[in-house]
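Architecture and fold: a report
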Amino acid sequence: MIRMDEVSLSSEPLELNTSKLSFPSNCGATSVFFGSTRADPDEKGATVTKLFYEAYKPMAIQELKRICSHMRSKWEDLGPIRIVHRLGDVPVGEVSIIISVAAPRRDSAIRATEFALEKLELKVPIWKKEFYSNNVSKWKANQKAPSKSASMDMRNDKTNVQITASNEEIQRRIESFAERKRCEVDRNNILEFCNRHYSDENDDSCARTDSVLVRRQGSTSHYRQSKVVNTGSNESSSSNKNTPSQPKISRGTDERISALEDHLLPGKPIQKDIFARIKSLEDRVLYLEGISPEYFANVSANSKNEMEEDKEYISKEERKSELKKLLMDANLKIQELENSTQNIKDEALE
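Residues numbered from 1 in each chain as written. Predicted model: local features only at pLDDT ≥ 70, side-chain atom pairs only at ≥ 80, totals over all residues. Heavy atoms only, no water.

With an unreviewed UniProt entry as reference, the chain is termed MAP3K12-binding inhibitory protein 1, source organism Caligus clemensi.

Rendered as C-alpha cells:
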C-alpha cells in the first residue's frame with residue numbers, strides 16, 4: 001500500500017484537473033472534494049462576491065499533517081492523501097480547497113474525506129472574510145467552533161465550580177485574613193517588649209524593665225501606648241532629687257561576688273553599684289556559654305595537649321561520648337553559677 005500525504009497552502013488558483021491525483025493499483029476508489037466560493041446573500045439582500053482566506057501557516061500545516069495521521073489511524077488501508085487550501089482572494093466560482101483520498105473501497109475513501117473536511121474546519125487556524133456586493137465586508141464566524149451558549153453551559157456546570165461564595169463574601173474573607181495577620185503581628189510586637197499579655201496574664205519577659213501595656217480607648221491604630229515602671233532601678237524619681245543609698249550586702253555576699261569577678265572578669269575594673277556588678281557577671285556567663293561550653297569544664301592545657309596527641313587513636317564514638325560528658329559538666333557549672341547569682345540578687349535586695 002502506497003502511503004503519501006501531501007498538505008499545502010497556496011496563494012495561486014487551484015486547478016480542477018486530476019493530473020496531480022495518483023491512482024495506485026491496490027486502490028479501487030479515490031474520493032475528491034472541491035470546495036468553492038458561493039454567492040450567499042446576507043440579511044440586507046447583498047450577495048458574496050469573494051472570500052479572503054488568512055492562515056497561521058506553521059500551525060495550519062502542522063494541524064493538516066495531524067489530520068492525515070488521525071485519518072490513517074482510523075482507516076489503516078488508506079492510500080495517498082492530498083489536502084490543499086487556498087489563501088488570499090477567492091472570487092465566486094473559484095476553488096478554495098481540494099481534498100483527495102484513495103482507498104481500496106469507496107466507503108473508506110468517502111468517509112475519510114468527510115472526516116478530513118470536518119476536522120479542517122474545526123482545528124486548522126484558517127479564517128475567511130466575506131466581501132459583499134454593497135462594498136461591505138466582515139469576518140465569517142466558524143460554525144464548527146463551540147458556540148457561546150455551549151461555553152456558558154460549561155461555565156455554569158456545578159462540577160466545574162470550586163468556590164461558591166459571592167464576590168462580597170470572598171472579599172470579606174480576604175479582609176478578615178489580613179486583619180487576623182495584622183493582629184498577630186501587633187501581638188508579637190507588644191509581647192517582645194512587654195511582659196503583659198492581652199489576656200492580662202503575666203509572661204516571662206526578656207526586658208530589663210517591667211513594662212505594662214496600657215490600651216488606648218477608641219483608637220483604631222496598630223500602635224499601643226506602653227508605660228515603663230522601673231521597680232528595681234536606683235534612678236531618682238521626679239519627686240525626690242536625692243540619690244538613693246546603695247543596698248547593704250553582707251560581707252559573705254561581697255566575698256562571693258568578688259570571687260566570681262576574679263574568676264570570670266579577671267583584670268577588669270569593678271563597679272561600685274551592686275546591680276551593675278551582677279549584670280556584668282550575667283553578661284559574662286552568657287558570653288562564655290555561647291562561645292565555649294568547655295570553658296566551665298576546667299580542662300587544663302596539659303590534658304588538651306594529651307587529647308590532641310592521642311585523638312588519632314580514639315574512635316569517633318569515644319570522642320562523641322567524651323564531648324557529651326564535657327558539655328553536661330559545663331551545663332552543671334552554668335546552672336550553679338546562675339543559682340549563685342540569683343541567691344546574691346536575693347540577698348542584695350533583702
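Now that the structure is up, let's keep going.
1. Focus on a nonpolar patch on the surface
On the surface, Y56, M59, W127 and W139 cluster together into a nonpolar patch covering about 460 Å² of accessible area. Along the chain, W127 turns up in strand β7 (residues 126-132). (Patch = residues over 30% accessible without salt bridge, like charges linked within 9 Å, V, L, I, M, F, W, Y side chains within 5 Å. Areas by Shrake-Rupley, 256 points an atom, 1.4 Å probe, with all protein chains shown as cover. Salt bridge = Lys/Arg side-chain N within 4 Å of Asp/Glu carboxyl O. Helix = DSSP H or I, 4+ residues; strand = E, 2+ residues; numbered from the N terminus.)

2. Here we look at helix α5 (residues 251-264)
The first and last C-alpha atoms of α5 sit 20 Å apart over 14 residues, in line with the 20 Å expected at 1.5 Å per residue. Of the positions making up α5, those classed as buried are T253, I257, L260, E261 and L264. Across the axial projection of α5, the buried residues extend over an arc of 100°, all falling on one side. In α5, those exposed residues whose orientation departs by more than 90 degrees from the buried face are R251 and D262. (Expected span 1.5 Å × (residues − 1). Buried < 20%, exposed > 50% of the residue type's maximum accessible area, 1.4 Å probe, protein only. Arc of directions from axis to C-beta.)

3. Considerations on the sheet that holds strand β6 (residues 95-103)
Ordered by their spatial adjacency, four strands build an open sheet running β1-β4-β6-β2, and the pairing between neighbours is mixed. Unpaired on one side and paired on the other, β1 (5-10) and β2 (29-36) mark the two borders of the sheet. Across the sheet, the mean angle from the axis of one strand to that of its neighbour is 5°, orientation sign disregarded. Inspection of the sheet shows β2 paired to β6 by eight bridges, in the antiparallel sense. Bridged to S36 within β6 is V95. (Pairing = 2+ DSSP bridges. Axes fitted to C-alpha atoms, helices over the stretch in contact; angles between N-to-C directions.)

4. A word on the UniProt feature "coiled-coil region" (unreviewed entry) in the chain
With numbering aligned to this structure, UniProt lists the feature "coiled-coil region" (unreviewed entry) at residues 320-347. In this annotation, residues 320-347 is assigned 100% helix and 0% strand; the end-to-end C-alpha distance for the span is 41 Å. (UniProt positions renumbered as here; feature names shortened; annotations may be inferred.)

5. What about the sheet that holds strand β3 (residues 48-55)?
The four strands are arranged β5-β3-β7-β8 in an open sheet whose pairing can be described as antiparallel. Only two strands of the sheet have a single neighbouring strand rather than two, namely β5 (88-91) and β8 (137-139). Geometrically, the sheet is characterised by an average inter-axis angle of 25° between neighbouring strands, direction not taken into account. Alignment of β7 against β8, held across three bridges, turns out to be antiparallel. Bridging from a neighbouring strand, E130 pairs with K138 of β8.

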